[in-house]
Amino acid sequence: MSTLQSPGSDRPVRAEAVVDLAAIRHNVTTLRARAQGAQLMTVVKADGYGHGMIPVARAAREAGADWIGAAVLEEALALREAGDTGPIFCWLTTPGEPLEDAIAAGIDLSAGAPWEIDELAAGVTDRPARVHLKIDTGMSRGGAVPEEWPGLIRAALREQQTGRIEIKGLWSHLSSSDEPKSVANEAQLATFTEAIEVAESFGIDAEFKHLANSGATLALPETHFNLVRPGVATYGLSPFGHTLPSAELGLVPAMTLKARFAMVKRVPAGAGVSYGLTWTASRPSTLGLIPLGYGDGLPRHASNGAPVQAGGERRTIVGRICMDQCVVNLQDDQAAAGDEVVLFGPGTAGEPTADDWADAAGTINYEIVTRLGARIPRRYVDGGPA
Ligand SMILES: Cc1ncc(COP(=O)(O)O)c(C=O)c1O
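None of these values were measured; they are calculated from a predicted model.

Student: Mind showing me how you'd approach the overall build of the protein chain here?
Tutor: The helix and strand tally for the protein chain stands at 11 helices and 19 strands. For 386 residues, the compact-globule estimate of 2.2 N^0.38 gives 21 Å, and the C-alpha radius of gyration of the protein chain, at 23 Å, lies within 12% of that figure. Projecting the C-alpha coordinates of the protein chain onto the three principal axes gives extents of approximately 75 × 45 × 40 Å. Here the protein chain holds 386 residues, and the buried ones make up 54% of them. Taking the intrachain contacts of the protein chain between residues at least 6 apart in sequence as the baseline, contacts between residues at least 24 apart amount to 63%. Each charge sign in the protein chain was given a centre, from 33 positive and 46 negative side chains, and these centres are 6 Å apart.

Student: Would you explain the site of the ligand in this entry?
Tutor: Looking at the ligand, there are 14 residues lining it, with Lys45, Tyr49, Ser214, Gly231 and Tyr366 nearest. In this structure, serine 214 approaches the ligand through a side-chain N or O atom, which is 2.5 Å from an oxygen atom. One of the side-chain nitrogen or oxygen atoms of tyrosine 366 is found 2.6 Å away from an oxygen atom of the ligand. For the ligand, whose accessible area on its own is 400 Å², the fraction buried by protein is 93%. According to the grid-proximity analysis, the pocket containing the ligand is the largest pocket. Residues that form the shell around the ligand fall into these classes: seven nonpolar, four polar and three charged.

Student: Would you mind going over the layout of surface pockets with me for this structure?
Tutor: The method is simple in principle: a probe with the dimensions of a water molecule rolls over the atoms, and the space it marks as empty is what remains. Each pocket or cavity is described by its volume, and for the largest pocket that value is around 820 Å³. Looking at the largest pocket, it is lined by 41 residues, and the ones nearest its centre are Lys45, Met139, Arg141, His173 and Asn213. Residue contributions to the lining of the largest pocket peak at three residues, all from helix H10 (residues 354-361). Taken together, the residues of the lining of the largest pocket break down into 16 nonpolar, 17 polar and eight charged. The two domains that each donate at least three residues to the lining of the largest pocket are domain 1 (35-235) and domain 2 (255-381).

Student: I'm lost on the environment of glycine 123 in this one. Help?
Tutor: In this fold, glycine 123 is placed in the loop between helix H6 (114-122) and strand E6 (129-134). For glycine 123, a relative accessible area of 9% translates into the label buried. Once the C-alpha coordinates of glycine 123 and isoleucine 103 are considered, the two residues, 20 residues apart in sequence, prove to be 7.2 Å apart. The residues contacting glycine 123, other than those within four sequence positions of it, are Glu100 and Ile103.

Student: Mind showing me how you'd approach the pattern of salt bridges here?
Tutor: A side chain with one charge may pair with a side chain of the opposite charge, provided their charged atoms come close. Summed over the entire model, instances satisfying the criterion amount to 18 salt bridges. In this structure, glutamate 62 engages arginine 25 in a salt bridge whose closest nitrogen and oxygen atoms are separated by 3.7 Å. Taken as a pair, glutamate 62 in helix H3 (residues 53-62) and arginine 25 in helix H1 (residues 21-34) lie far apart in primary sequence, 37 residues in all. The class of glutamate 62 is exposed, set by a relative accessible area of 57%. Relative accessible area serves as the criterion here: at 23%, arginine 25 is assigned to the partly exposed category.

Student: Please clarify how the packing of H3 against helix H4 (residues 73-81) should be interpreted in this entry.
Tutor: Describing two packed helices takes the angle between their axes plus the distance from one axis to the other. Between H3 and H4, the least distance of the axes is 10 Å, while the angle of their chain directions is 60°. Regarding the angle of H3 to H4, the classification is oblique. In the packing of H3 onto H4, the handedness of the crossing is right-handed. Side by side, H3 and H4 meet where Met53, Ile54 and Ala57 of the first sit next to Glu75, Ala78 and Leu79 of the second. A class-by-class count of the residues in the contact of H3 with H4 yields five nonpolar, no polar and one charged.

Student: I would appreciate a short explanation of the UniProt feature "active site" (unreviewed entry) in the protein chain in the present structure.
Tutor: Within this numbering scheme, the UniProt entry marks Lys45 and Tyr275 as carrying the feature "active site" (unreviewed entry). Across 231 residues of sequence, these annotated residues are also dispersed in space, with a maximum C-alpha separation of 34.4 Å. As for the annotated residues, the ones lining the largest pocket are Lys45. Note that lysine 45 resides in helix H2 (residues 45-49). Take lysine 45: its relative accessible area is 27%, and that puts it in the partly exposed class. Apart from the residues lying within four places of it in its own chain, the contact partners of lysine 45 are Gly69, Ala70, Ala71, Glu75 and Trp91. Relative to the elements of secondary structure, tyrosine 275 occurs in the loop between strand E12 (272-273) and strand E13 (279-280).

Student: What is the right way to read a negative patch on the surface from this model?
Tutor: On the surface, Glu194, Glu197, Glu200 and Asp205 cluster together to form a negatively charged patch. Of the residues examined, glutamate 200 reaches a relative accessible area of 43% and is grouped as partly exposed.

Student: Quick question: what am I supposed to make of the sheet that holds strand E18 (residues 340-344) here?
Tutor: Sheet strands pair via backbone hydrogen bonds, and the direction of the pair is either parallel or antiparallel. Ordered by their spatial adjacency, nine strands build an open sheet running E11-E14-E17-E16-E15-E18-E10-E1-E19, and the pairing between neighbours is mixed. What marks the edges here is a single partner per strand, and that holds for strand E11 (263-267) and strand E19 (378-381). On average, adjacent strands in this sheet sit at an angle of 35° to one another, irrespective of strand direction. In this sheet, E19 lies alongside strand E1 (residues 15-20) in parallel orientation, the contact comprising four bridges. Bridging from a neighbouring strand, valine 18 pairs with arginine 379 of E19. Relative to the sheet, H10 contacts strand E15 (307-310), strand E16 (313-318) and E18, its axis offset from that of E15 by approximately 135°.

Analysis parameters
- Residues numbered from 1 in each chain as written.
- Predicted model: local features only at pLDDT ≥ 70, side-chain atom pairs only at ≥ 80, totals over all residues.
- Heavy atoms only, no water.
- Helix = DSSP H or I, 4+ residues; strand = E, 2+ residues; numbered from the N terminus.
- Rg over C-alpha atoms; globule rule 2.2 N^0.38 Å.
- Buried < 20%, exposed > 50% of the residue type's maximum accessible area, 1.4 Å probe, protein only.
- Contact = heavy atoms within 4.5 Å.
- Lys, Arg positive; Asp, Glu negative; His and termini not counted.
- Charge placed at Lys NZ, Arg CZ, Asp CG, Glu CD.
- Near = heavy atom within 4 Å.
- Polar contact = N/O pair within 3.5 Å; in protein donor to acceptor, adjacent residues only side chain to side chain.
- Areas by Shrake-Rupley, 256 points an atom, 1.4 Å probe, with all protein chains shown as cover.
- 1 Å grid on protein atoms, 1.4 Å probe; cavity = no way out; pocket = protein on both sides within 12 Å on 5 of 7 lines; lining within 4 Å.
- Sits in = over half its atoms within 2 Å of the grid points.
- Nonpolar A, V, L, I, M, F, W, Y, C, P; charged D, E, K, R; others polar.
- Points joined across faces, edges and corners; volume = space filled by probe spheres on them.
- Domains from an automatic or database assignment.
- Salt bridge = Lys/Arg side-chain N within 4 Å of Asp/Glu carboxyl O.
- Axes fitted to C-alpha atoms, helices over the stretch in contact; angles between N-to-C directions.
- Parallel < 35°, antiparallel > 145°, perpendicular 65-115°, else oblique.
- Left-handed = near helix turned anticlockwise from the far one by under 90°.
- UniProt positions renumbered as here; feature names shortened; annotations may be inferred.
- Patch = residues over 30% accessible without salt bridge, like charges linked within 9 Å, V, L, I, M, F, W, Y side chains within 5 Å.
- Pairing = 2+ DSSP bridges.

Now the structure itself:
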């Protein structure tokens, strides 16, 4: 009997992403130790990097995460609605969004421009908005550039004096922590340190200062301050890819993506495969049809090269990945419709990893797991076999 079964039923499913919550807890515990006394914010944006935001946030809290990090308001509010009463930080909003809901829910918000301070102040009803001021230390994404920093501070102090906002944090984000030796890290750290000094010269004594994502939490202890914000490492994936694999960092990949063959067939030499016939069998071959495609989040760029594990063997996707399906060359293996195929997992049983898929697609492990769509059911296990 296949392990791919519909929840609460013995009917098999087409495909599933199995998420090991024990692995999430283990990774959070590992990251807490690496944070060396700084508080830990587990980043669960983008549906927990594809793993499921609410189950991941719960597991992270169980393992001692002090904060949960969300990018957008809907995520932060959904966490509160799911019963998370702890500190939540949310950093990406656009003009006119319902900040009042987030303020009323006690969610910490970011401001990187005076107009954002004005919007936050306008959204206040019965409790002050908890605000973290963002300095752009060199990534040119969100936040005030150093020339704008004093203006942002003045706007925040003005509203703090009215009692409408509370300045809780000062923060920024690193562009290059996946390359710990990059001079960009040093430069951003220096700019952040100066920004803190400027804020202090205005009399701001913010409780939290934070800069470090996964790469910096693991490799740049000087960037920890008193709060770190790792995302991808929570899921057991290395921010350094193959350069420093997750096992060497003590991390356990939490997700295994599996499917069942929808069809297995023997084709003669010369048979072309999938749209555009970009692969042709050089000899009689057995092909397995995987019922997953780019409509489920598989990267089309991984066509003709992505690895899978079928019948205990490493095999390769041949031809183009379609919207709902792709084809694997099983060579002369014995296989049948309904047999299990593992696309990626922790790699401990010989299966490919998200890093292997990232290599095949010319991308990063983050994108492989985060893109997986809602058509793939997530099944949660707790330390059991995937
Ligand atoms: C502001 C911010 N903090 C933290 C993170 C977590 O980064 P990582 O997944 O590299 O640890 C992200 C993710 O991109 C982010 O945008």
